[in-house]
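Here is how the chains run, residue by residue.
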2 protein chains.
Amino acid sequence: MSNPETVYELYYWPSIQGRGELIRLLLEDAGAPYRDVARLPPEQGGGVPAILRMLKEPPPGAPPFAPPILKAGDLVLAQVANICQFLGPRLGLVPGDEGSRAHALQLQLTIADLVAEVHDTHHPISSALYYEDQQEAARERAASFLAQRLPKFLGYFERAAAGSPYLLGSAHSYVDLSMFQVLEGLAYAFPRGFEGAAVTIPSLLALRQRVAERPGVAAYLASERRLPFNEDGIFRRYPELDAASS
Amino acid sequence: MSNPETVYELYYWPSIQGRGELIRLLLEDAGAPYRDVARLPPEQGGGVPAILRMLKEPPPGAPPFAPPILKAGDLVLAQVANICQFLGPRLGLVPGDEGSRAHALQLQLTIADLVAEVHDTHHPISSALYYEDQQEAARERAASFLAQRLPKFLGYFERAAAGSPYLLGSAHSYVDLSMFQVLEGLAYAFPRGFEGAAVTIPSLLALRQRVAERPGVAAYLASERRLPFNEDGIFRRYPELDAASS
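Reading guide: rules and limits
- Residues numbered from 1 in each chain as written.
- Chains lettered and ligands numbered in written order.
- Predicted model: local features only at pLDDT ≥ 70, side-chain atom pairs only at ≥ 80, totals over all residues.
- Heavy atoms only, no water.
- Axes fitted to C-alpha atoms, helices over the stretch in contact; angles between N-to-C directions.
- Helix = DSSP H or I, 4+ residues; strand = E, 2+ residues; numbered from the N terminus.
- Parallel < 35°, antiparallel > 145°, perpendicular 65-115°, else oblique.
- Left-handed = near helix turned anticlockwise from the far one by under 90°.
- Contact = heavy atoms within 4.5 Å.
- Nonpolar A, V, L, I, M, F, W, Y, C, P; charged D, E, K, R; others polar.
- Pairing = 2+ DSSP bridges.
- Buried area = accessible area lost by both parts, 1.4 Å probe.
- Salt bridge = Lys/Arg side-chain N within 4 Å of Asp/Glu carboxyl O.
- Polar contact = N/O pair within 3.5 Å; in protein donor to acceptor, adjacent residues only side chain to side chain.
- Buried < 20%, exposed > 50% of the residue type's maximum accessible area, 1.4 Å probe, protein only.
- Arc of directions from axis to C-beta.
- Least-squares fit on C-alpha atoms with pLDDT ≥ 70 in both.

**Here's the deal with the packing of helix α1 (residues 20-30) of chain B against helix α6 (residues 174-189) of chain B**
Residue and element names in this part refer to chain B. Direction vectors running N to C along α1 and α6 enclose 130°, while the axes themselves pass 9 Å from each other. On the basis of the axis angle, α1 is oblique to α6. The way α1 lies across α6 gives a crossing that is right-handed. Residues Glu21, Leu22, Leu25, Leu26 and Asp29 of α1 form the contact with α6, whose participating residues are Tyr174, Leu177, Ser178, Phe180 and Gln181. Residue composition of the contact of α1 with α6, grouped by class: six nonpolar, two polar and two charged.

This is the structure we're talking about:
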């Protein structure tokens with residue numbers, strides 16, 4: 001369904017990193033040929049309408065519920081962890097044995113859970129409401145996130161990373177790339193809260209640095225293809241949701 | 001790592017259906033030999049301490065973040081969709097081709113998103129607080145869930161199910177079993193809200209019936225192994241969170 005010459009097509013909102021960034025990082029780290037379709041101009045079939053077309057008239061197979069969506073030859077896939085599981089072996093971003101692939105997917109799904117909880121710090125009531133219209137609940141949820149959930153997640157990933165260069169042990173994988181993105185996002189969204197947590201996660205911080213220095217990732221981060229974090233994405237810097245300064 | 005004679009071990013809270021039920025249904029539908037470890041008496045190594053041991057001293061590989069946890073020979077796996085992806089081919093619960101496996105995982109992950117949103121209707125602020133201590137936010141979140149999110153999810157799955165006996169088309173799969181469980185749970189937790197939605201999902205209701213009549217599932221549902229829904233699980237019947245009666 002795809003081969004080394006496949007030009008992948010990514011469909012994701014063109015103005016945010018969001019969950020699509022987890023896929024962009026795989027493609028960039030591996031130097032895989034891809035088109036970030038919605039970031040192309042409309043006259044080249046790009047823009048948001050390209051995403052809406054894919055949602056409205058999906059090709060055969062399971063329809064996508066939401067972006068990111070990856071087209072690889074005839075196959076159209078949605079859900080970040082599913083796309084990672086598919087791309088991993090093709091891009092050399094996961095060891096080939098079944099145990100490693102399952103452990104990678106397990107870690108990736110736990111990252112997805114963390115990302116969903118980050119999203120809900122600013123949208124605890126409804127994605128259909130503005131942040132400003134659920135700000136009181138957001139303050140409560142963010143406080144609980146920083147006090148309880150974030151330490152629990154980071155402690156878990158720190159244990160998974162400790163003693164090895166990579167989350168899967170001796171092999172770099174797509175999970176490292178997603179972990180990098182989550183750490184970048186947390187540092188952006190919760191500078192005070194993350195600074196407080198950082199002393200407890202030396203292995204994760206070393207991993208973050210190691211990923212940032214990978215040639216494909218470093219080139220990507222320095223390019224215009226890397227969108228900045230902003231307050232339309234998942235990781236939003238709302239000072240009132242961050243930890244109180246000590 | 002496992003073979004047809006593998007006796008699977010499931011580690012999940014013994015007093016609720018919760019996310020563990022999605023795994024129990026696979027094993028039961030397939031008639032696979034398994035031990036629901038934490039439901040065994042303590043003198044047989046069961047009870048909640050068995051889960052805590054697995055969390056505290058995980059075997060080699062990626063440590064589990066939370067139950068459900070499946071032990072299959074030497075391999076220990078967590079995260080529902082990951083366990084389904086692993087068990088699917090072994091139990092004949094997903095077609096073998098890569099496209100079908102990816103589409104199954106995609107649908108399963110979208111079911112997981114729906115389940116997480118159901119959980120957050122009663123715990124919108126923090127899992128560490130009692131429902132009663134976040135009831136006001138829960139009312140708002142549940143209202144938004146029933147008005148916007150539930151119709152969106154059910155509409156999506158109805159389109160995926162329409163015109164075919166199964167969610168993957170002509171082949172029964174683990175996704176059907178999870179969809180069944182979610183529909184059962186929604187009908188339990190939101191009897192009024194679900195009744196309102198039911199008229200829009202004929203294909204899903206037919207699928208639910210078809211799954212309920214499968215020999216393995218029917219035998220399981222009639223057995224004492226099937227725990228009842230209750231207000232400690234994910235699907236909780238809190239009348240104040242249900243749709244207003246019309």
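**Structural notes on the sheet that holds strand β3 (residues 69-72) of chain A**
Residue and element names in this part refer to chain A. The strand order across the open sheet formed by four strands is β2-β1-β3-β4, and the pairing between neighbours is mixed. Every other strand in the sheet has two partners, leaving β2 (34-36) and β4 (75-78) as the edge strands with one partner each. The sheet shows a mean angle of 20° between the axes of neighbouring strands, taken without regard to direction.

**A closer look at the interface of chain A and chain B**
Between chain A and chain B, the contact holds 42 residues from the first and 42 residues from the second. Summing the contributions of chain A and of chain B, the shared interface buries around 3700 Å²; its carbon and sulfur component is 60%. Looking at the side of chain A facing chain B, the largest losses of area belong to A:Phe65, A:Gln106 and A:Ile125, adding up to 20% of the total buried there. Our enumeration of links across chain A and chain B arrives at four salt bridges. Where B:Arg90 meets A:Glu98, a salt bridge forms, and the shortest distance between an N and an O atom there is 2.7 Å. Linking chain A with chain B are 26 residue pairs in polar contact (both at pLDDT 80 or more), by the criterion used here. Of all the secondary structure elements, the ones that give two or more residues to the side of chain A that touches chain B are β4, α3 (80-90), α4 (98-122) and α5 (135-161) of chain A. With 11 residues, α4(A) is the largest single contributor of residues to the side of chain A that touches chain B.

**Some points on helix α8 (residues 202-212) of chain A**
Residues and elements named next belong to chain A. Buried residues of α8: Ser203, Leu204, Leu207 and Val211, and no others. Projected down its long axis, α8 carries its buried residues within an arc of 95°, all on one side. If you follow the buried residues of α8, they end up packed against α5, α6 (174-189) and α9 (215-221).

**Some words on the relation of the copies chain A and chain B**
Between chain A and chain B, the superposition needs a rotation of 180° and an axial shift of 0.0 Å, giving an RMSD of 0.0 Å. Taken together, the rotation angle and the small translation identify this as a two-fold axis. Closest to the rotation axis within chain A is the C-alpha of A:Pro124, separated from it by 3.0 Å. Comparing contact sets, 100% of the residues at the interface of chain A also lie at the interface in chain B, consistent with an isologous, same-surface contact.

**What to know about the sheet that holds strand β2 (residues 34-36) of chain B**
Residues and elements named next belong to chain B. On the basis of which strands lie adjacent, the open sheet formed by four strands has the order β2-β1-β3-β4 and mixed pairing. Among the strands making up the open sheet, the edge pair consists of β2 and β4 (75-78). The sheet shows a mean angle of 20° between the axes of neighbouring strands, direction not considered. The pairing of strand β1 (residues 8-11) with strand β3 (residues 69-72) spans three bridges and is classified as antiparallel. For leucine 10, the partnering residue across the bridge sits in β3 and is leucine 70. Sitting on the sheet, helix α3 (residues 80-90) is in contact with β1, β3 and β4, with an inclination near 130° to β4.

Spatial relationships are all this shows, so hold off on functional conclusions.
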